[in-house]
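Here is what each chain is made of, one letter per residue.
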Amino acid sequence: MEESSTIVEETPKRNKFIQNFIVVLISNGLTILSGILVGFIIPKIMGVTDYGYYKTFTLYSSYIGLFHFGFIDGIYLYFAGREYKDLDKAKFKTYTRFLFMIELGVTIFVSLLALCFIGTGSMLIFLFVALNVLAINITTYFEFISQITMRFKQLSIRSIIKCSATALSVVALFLLYKYSNYVVNYQIYIAIVLGINYILAIWYMITYRELVFGKANPLKEEWPAIRQFFKVGVPLLLANLIAQLVFVIDQQFVNLLFSKEDYATYAFAYNMVNLITVATGAVSTVLYPTLKRMNPETIKNHYARINSYLMIFVFFCLVIYYPLDLFVRYFLKDYISSLNIFRIILPGLAISSSISVIKYNCYKTFGKVNNYFFKSLAVLILSIIANLIAYFLFKSMQAISIVSLGVLLIWYILVESYFIKGYKVSWLRNFFYLIVMIAAFYGISFIPNVYVACGVYVASWMAITGIMFCDYVKKLLCKLKK
């Protein structure tokens, strides 16, 4: 009877997770379509040099989350799994206004700092990043509220609108480029991106006006809670920052040590990888608030299976390499050199997805963020040393990308060790599948005929997955039929 009641209890949670995942996946599917337009039209109409400046802007914008100093992360951890109706609106008005003043102050400070670089290309980049701080962190705050209260429809609608606005702006720029010989520079496009980000932030403030406008509690009254948010949020912020640095450290090295044109081709390779990252992001968005509502024992029991499903999905997505290879060769010939980088870094997506989507969310759920932080810090130090050695020995971007893949694998083993030792989870099958599929991808990618290589890869994926995860595949097919 006890086992039966547990199944009944877990079934609604599982169904709710699947429903939320599908909603976010549809939204992320549209994000992918928008990403395709941005990823392939912008490099075409902007030119290699300006595209390099634009990707420098996106690289430094990836650090914007640092400037809420852990406040948003603290709210995310503290309120995850709560219902929206249970949130104290007067308290949240105080939290919202406090965050707004912090971000406005950071925006002004970084804008003034950018003026120190007058006369250089860096000035505009830092100024644009400064202006992006307020919009991005306010939006992130409300996105986190949507996630922790599991209001994924609110999240998805805004994602769809943002993607549509971005896509329309890119199409308009392309038409101007095509029929009016309009020269699209990075300043124009970044200004459009900033405009969309601010519209989205304002829309969120209107939607969540119960948490923004009206009478708020005095700041002095809420200060103990705010301090607690910083206290629990700073470790998560640092863990996020270190993880972010590990993921982008090779790009940072290329940005600083190579020309803007070289960086443009390197960043373009990662731009293609991000098309798949958006799809895996649907899992990450839904997973943490769902885990917070689950029994810890249930999480441990399903840990290996969740990892398996994610890896199967990601390795299937790697088939995108072959159509993208053809597309770049025929339509974006200025970026052909990026294909060598793309081929090297693409399989690493299976490793990074497992770390960021599954393992990190489980570390957060079990309250082991500090453990994750110190392991990631060790990996970051190793990554910096490895990238420096690769640069000074070979002076090539390919060497840096190969080293980065090796570091990702070490990171995977380190963070997985916690679950192996602490919870005795099954890990060998997933790790063996990871190595075999990476080796298969690299081997098959050397086949000169792209069409043949694509067919061989799909057949290999089906065969290897079917042999190693026969039981999982059968269960998944049964669930999909239902």
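Here goes a summary of the coordinates provided. (Residues numbered from 1 in each chain as written. Predicted model: local features only at pLDDT ≥ 70, side-chain atom pairs only at ≥ 80, totals over all residues. Heavy atoms only, no water.)

## Remarks on helix 8 (residues 219–257)
In an α-helix, one turn spans 3.6 residues; hence positions three or four apart end up facing the same way. Where we set the bar: Numbering of helices and strands runs from the N terminus; a helix is a DSSP stretch of H or I covering at least four residues, while a strand is a stretch of E covering at least two. Here a helix's expected span is defined as the number of its residues, less one, multiplied by 1.5 Å. The angle between axes fitted to the seven residues ending at a residue and the seven residues starting there is what we call the bend at that residue.
Compared with the 57 Å implied by 1.5 Å per residue over 39 residues, the 46 Å span of helix 8 between its first and last C-alpha is markedly short. By the largest-angle criterion, Val 248 marks the main kink of helix 8, which is about 55 degrees.

## Regarding the pattern of salt bridges
Here is the rule: Salt bridge, as used here, is a side-chain nitrogen of Lys or Arg placed within 4 Å of a carboxyl oxygen of Asp or Glu. We call a residue buried when its accessible area falls under 20% of the maximum for its residue type, exposed when it is over 50%, and partly exposed in between, using a 1.4 Å probe and counting protein chains only.
Counting across every chain of the model gives 5 salt bridges. A salt bridge links Glu 222 to Lys 91; its shortest N-O distance comes to 3.4 Å. Linking Glu 222 in helix 8 with Lys 91 in helix 4 (residues 89–114), this pair joins segments that are 131 residues apart in sequence. The class for Glu 222 is buried, based on a relative accessible area of 1%.

## Here we look at unusual backbone geometry
One non-glycine residue, Phe 69, adopts positive backbone phi at about 60 degrees. Mapped onto the elements of the fold, Phe 69 is located in the loop between helix 2 (48–61) and helix 3 (71–79). Of note in the backbone geometry, Lys 395 takes a positive phi value of approximately 55 degrees without being a glycine. Position of Lys 395 among the secondary structure elements: in the loop between helix 14 (369–394) and helix 15 (397–423).

## A look at the nonpolar core
Here is a general trend for soluble globular proteins: nonpolar side chains tend to be buried in one another's company. The condition is simple: Joining through side-chain atoms within 4.5 Å is the link that ties buried Ala, Val, Leu, Ile, Met, Phe, Trp, Tyr and Cys residues into a set, and such a set is a nonpolar core. Whether two residues are in contact is decided by their heavy atoms: any pair within 4.5 Å suffices.
Among the nonpolar cores identified, the biggest contains 149 residues, and Tyr 54, Phe 71, Phe 315 and Tyr 433 are the most heavily contacted of them. Excluding anything up to four places from it in sequence, Phe 71 contacts Tyr 95, Phe 98, Leu 99, Ile 226, Phe 229 and Phe 230.

## Some thoughts on helix 3
Across the 9 residues that make up helix 3, a large majority, 8, are buried. For helix 3, the full list of buried residues reads Phe 71, Ile 72, Asp 73, Gly 74, Ile 75, Tyr 76, Leu 77 and Phe 79.

## Let's talk about the packing of helix 3 against helix 8
The test is simple: Only C-alpha atoms enter the line fits that serve as axes; for helices the fit covers just the stretch in contact. Angles between N-to-C directions range over 0 to 180 degrees. Orientation categories follow fixed angle ranges, with anything under 35 degrees roughly parallel, anything over 145 roughly antiparallel, 65 to 115 roughly perpendicular, and all other angles oblique.
The geometry of helix 3 relative to helix 8 is characterised by a closest axis approach of 6 Å and an angle of 105 degrees between their N-to-C directions. Taken together, helix 3 and helix 8 sit at an angle that is classed as roughly perpendicular. Contacts from Phe 71, Asp 73, Gly 74, Ile 75, Tyr 76, Leu 77, Tyr 78 and Phe 79 of helix 3 reach helix 8 at Ile 226, Phe 229, Phe 230, Val 232, Gly 233, Leu 236, Leu 237 and Asn 240.

## So, the packing of aromatic side chains
Condition: Two aromatic rings from Phe, Tyr or Trp, using only the six-membered ring of Trp, form a pair when their centres are within 6.5 Å; if the ring planes differ by under 30 degrees the pair is stacked, by over 60 it is edge-to-face, and anything between is tilted. A ring is scored as having a charge over it whenever the NZ atom of a lysine or the CZ atom of an arginine sits within 6 Å of its centre and within 35 degrees of its normal.
According to the stated counting rule, one finds 50 aromatic pairs in the structure shown. Their ring planes at 70 degrees and their centres at 6.3 Å tell us that Tyr 51 and Phe 268 sit as a pair that is edge-to-face. Taken together, the positions of Tyr 51 in helix 2 and Phe 268 in helix 9 (residues 260–292) put the pair 217 residues apart, joining distant regions of the chain. A relative accessible area of 1% places Tyr 51 in the buried class. Judged by centre distance (6.4 Å) and plane angle (80 degrees), the ring pair of Phe 67 and Phe 69 falls under edge-to-face. Overall, Phe 67 belongs to the partly exposed group, its relative accessible area being 25%. Through a chain of ring-to-ring contacts, three or more aromatic side chains come together here, namely Phe 40, Tyr 51, Tyr 54, Tyr 189, Phe 268, Phe 327, Phe 331 and Tyr 335. Here the basic side chain of Lys 395 rests over the ring of Tyr 391, its NZ or CZ set 5.1 Å away from the ring centre.

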